[in-house]
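Chain and residue survey
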Amino acid sequence: MENDGRYESGGSRGEGGGVPPIGGPQGGPARDGRIPAGPPADTTAPMDIPPARVRPVPPPPSAPPAYGRTAPPRPPQPPGAPPAVVEWLDAPRPEAGLGIWRFRHVPPPAAAPVRLAPVTVIGMLVPLAVGLLIWSAFRRGTLPYMWAVLKTLTPGDWWYSLGTTPRDWHGQAAHEVFAGAFFVGLVCAVAAVGSWGRIVRFYLDRFRPPGRAALTGAGALIALMFVWPEAFGLGWDPLPIATPALSLVALVAGSYTALGSPFLVYPVYALVTALVLRPFARVGGWLPLLRARRATTAPVPAAAPETARSRWPELREAGAHQAAEVLTAELAAGRMSDADCARIHRAWRDPARRATVADLILKEGAAADAHPSGARDLPGRRATHDLLLGQVRVGRYAPAERTPDAYHGAGLALDPGLLGTSLLAVGPSGAGKTRHLVAPVVETLALQALTGSCAVVAVGPAGSPLGPDASYDVVVRLGDPSSRYDLDLYAGATDPDEAADFLAEGLVGDMEGVETRRAATVLAQLIGPYRVAYGRFPTVPVLRELLEARPETLQALLGLLPEDGAPAMRRELDSRIRQVGTATDVGPVLADRLAALDRPVFADFFGGGRDARPFSLRAVAQHPMRVRIALPEGGHEEAARLLNRLLLAQFQSVTRDRPGRSHFVCLVLDEAAGALTAGTLRSLQRLRPQNAGAVLALRTLAEVPEALHGPLLAVVGCRMAFAGLPTWDGRAFAEAWGTERVETKEVAHHTVFADQPMTRALHALRKLVTGKAVTTEAVTVREVERQRWSASDLAHAVPPGHAVLSLTHVRGEHVPPLLVELNG
């Protein structure tokens, strides 16, 4: 792994890899085209990878001049067309909901408004008809008690005593004011009872803002024609609005002569016109449209010409114009990939490194600040990625009833912000967990590792399709003699207690009746003194012998400890010697579990003396590495389960309180059977603040103890249930996703029994004609709580190739469970 300041890759990196979808250079060969092997490693101690520094590598003599490394041949493009990576970099990425693929995302159109029910239309027309009848009665003077109200509210000397005839102009003016007030009140009452505002908005919402403004403007013009017919040259009588307003002014002024002043009349005209226009302006949104027009027509400062991402405006704003020109030329020449762009964007976001990054760009161009392994891309890609946002597309949201409008047909994307809350995927074999979820997630994390933003550890059977070995920096094939790397059983730990904790979790964490704390104490009492005596932790055969040893054997180890230099370790070993053979001794249980790793196929692994470089999982917490660990298959299922638990416990230990959390760290367990215990679940919820996460795939929840089903679904933030889930698994997901309040409508038909002979005769005739009894319809609308997805729905209503997914971001945002199409 350590070679001239670079990580050593798990395989050679020639130029024969497939061209990535975006296009761009792949990491070229170093010096002679091969990555030289490092010096032989000491197999007795784990090898932690020190921080590496990128050094410029000169190109081969036969290579064309380029910055840093040569690029593989690219397919020809049409003349004058910009490179694909330029179009990718400049493409819009609008803000969207959580879990939506933002690359060139187009929000779905608004849902078509439903049709108005006939009852609603009738409810609008009936008040209008009643209002017209009332106004007609008022105009004819036949409305009961109408003048009694007026005479009660006005002085008596304005009227003759035996009638409602005005005595002078005061009574006439009061009559006009009363008629205007009655008309306005009647219009407002009819509009409120008939829900005119809601109905008008229902139809106007079909149009864009300019269309709504134009329609309401036409309506306002028609209304003004009825208010001021003389101004438009029309001969009909005006509505009682302007005349009552002038009469009210005359009553307040004390004489009609006051209306001869234009300084008094014209403001009244303006006020009446404004009051008539106000409802039309409010419904039509005139003011917001006017503000928007002013904002678009207002002069704005001239935008800088270098606004496109492909022109690197952030570098130019910081004064690094020469570096920006170099990158622009690299893009135009097709020597940059999307991984190069994302890597340089990320490096530039660190203000402390900008000067160094600018110098590296001038020296190496697109290869500046490359991954220590020298790789700049993967040999091939199967999924669709947007490395600028860290997203990978794994499907699309199905346009189902439960799906919100904003998610209908939108792409489904995952990113480190979502994976940081950990993801649990449950589905039977063949449901597509590895093909549609695990493999794309591993691929995007490997690409993001090349940009320095994350580290990934992919764990699964040797036959899992998690990408070629050339996509990883370290490939550990446990039980395979051809594996170039070994796995450090103690994850580079120097503290015996820390090593004993995760080792005990891996050995007996799933056993009922055995306390993990006691098992960790027994292990610490053995590996601590052994490390003091021999300078290293014991291998698997030696540790098994120590766990099965009699007191005489442990006395020999005690004799190797210095009496003055290690009093604490001597006390630990003395305590262990006293426990051997007692009824509470868990040493034989640990030795029996450890026997699964003490097999001939693993004889050369776990520090067993084979000439392989030991890999410590602690390295991924410090460096953006890509690691693939292949678990044994065949007759070693118990060993695979034990290693799953051990790797998860090690991962949780090395990411706890790690110094510096600049990059995201993710552990992907393609088959997490046996890995989840009470201890690992408690530690799983601590990964989020450590900028770490886990992806766990299970065939069924039965692979986890039943008592842990609820805590497991509560700890993970993202839950995914694939098609074909059994009902008992669906019940656990349904309880985790909870309920929601929905509006239900119940329609009941009741037979009408008439009392009057005539009515009964009509009902009998109607039944004879239609063949149905006369009924009334009773509609009951209420809100009830129901499960978002029931166990039966999850088991039987999810089509093949689909899944139900809920998401939670590290910021706390969440998306309810939605149906997603994994092939979309």
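Attention in this report is confined to the structure presented alongside it. Residue numbers here run from 1 along each chain, matching the order of that chain's written sequence. Where local features are concerned, this predicted model is filtered to residues with pLDDT of at least 70; where side-chain atom pairs are given and counted, the filter is 80 or more; whole-chain, interface and lining totals use all residues. Values shown for side chains rest on all heavy atoms present in the structure; no hydrogens or waters enter the calculation.

**Description of the overall build of the protein chain**
Applied cut-off: Secondary structure is summarised from DSSP: a helix means a run of H or I of at least four residues, a strand means a run of E of at least two, and numbering begins at the N terminus for each. A simple rule labels every residue: compare its accessible area, found with a 1.4 Å probe on the protein chains alone, to the largest value its type can have, and call it buried under 20%, exposed over 50%, or partly exposed in between. Contacts between residues were defined by any pair of non-hydrogen atoms, one from each residue, lying within 4.5 Å. Each accessible area is a Shrake-Rupley estimate made with a 1.4 Å probe; only the visible protein chains count as cover when residues are assessed.
The helix and strand inventory of the protein chain stands at 27 helices and 18 strands. Here the protein chain holds 824 residues, and 46% of them are scored as buried. Relative to all contacts within the protein chain whose residues are 6 or more apart in sequence, the contacts with residues 24 or more apart total 74%. For the protein chain, the exposed area adds up to about 40,200 Å²; of that, 58% sits on carbon and sulfur atoms.

**Here we look at the packing of aromatic side chains**
Under the convention used in this document: What counts as a ring pair is set by centres within 6.5 Å for rings of Phe, Tyr and Trp (its six-membered ring), and what kind of pair is set by the plane angle: stacked under 30 degrees, edge-to-face over 60, tilted for all other angles.
Counted according to the given criterion, the structure contains 15 aromatic pairs. Ring geometry for Phe138 versus Phe178: centroids 6.0 Å apart, planes at 40°, classification tilted. Of the two residues, Phe138 is situated in helix 2 (residues 118–140) and Phe178 in helix 4 (residues 169–193); the sequence distance between them amounts to 40 residues. The pair Phe138 / Phe178 is uniform in exposure class, with both members buried. Between Trp228 and Tyr269 the ring centres are 5.1 Å apart and the planes differ by 70°, which places this aromatic pair in the edge-to-face class. Taken together, the residues span a long stretch of sequence, with Trp228 in the loop between helix 6 (209–227) and helix 7 (242–253) and Tyr269 in helix 8 (residues 262–284) at a distance of 41 residues. Residue class for Tyr269 comes out partly exposed when judged on its relative accessible area of 31%.

**A word on a nonpolar patch on the surface**
Stated precisely, the cut-off is as follows: Here a patch means residues that are over 30% exposed by relative accessible area and free of salt bridges, tied together within 9 Å if like-charged and within 5 Å if nonpolar (Val, Leu, Ile, Met, Phe, Trp, Tyr). The salt bridge definition used is simple: a Lys or Arg side-chain nitrogen within 4 Å of an Asp or Glu carboxyl oxygen.
A contiguous nonpolar patch, built from Ile122, Val126 and Val130 and spanning about 250 Å² of accessible area, is present on the exposed surface. With respect to the helices, strands and loops of the structure, Val126 is situated in helix 2. With relative accessibility at 46%, the residue Val126 sits in the partly exposed group.

**Focus on unusual backbone geometry**
Glycine aside, a negative phi is what most residues show, and trans is what most peptide bonds show. Here the phi dihedral of Trp312 falls at roughly 55°; this positive angle occurs in a residue that is not glycine. Structurally, the position occupied by Trp312 is in the loop between helix 9 (286–297) and helix 10 (313–317). With a phi angle near 55°, Asp369 is a residue other than glycine that sits in the positive phi range. You can see Asp369 is positioned in the loop between helix 13 (354–364) and strand 3 (384–386). A residue is classified by how much of its surface remains accessible, and Asp369, at 17% relative accessible area, is buried.

**Details of the pattern of salt bridges**
Within the structure shown, the criterion is met by 29 salt bridges. Put simply, Arg316 and Glu325 hold a salt bridge, and the shortest N to O gap is 2.9 Å. Exposure remark for Glu325: the relative accessible area of 39% places this residue in the partly exposed category. The shortest N-O distance in the salt bridge between Arg353 and Asp369 comes to 2.8 Å.

**Considerations on the environment of Leu647**
By secondary structure assignment, the location of Leu647 is in helix 22 (residues 637–654). Between the alpha carbons of Leu647 and Gly506 there is a distance of 7.8 Å; along the sequence they are 141 residues apart. Setting aside anything within four residues of it in sequence, one finds Leu647 in contact with Val459, Leu487, Leu617, Ile629, Leu631 and Leu667.

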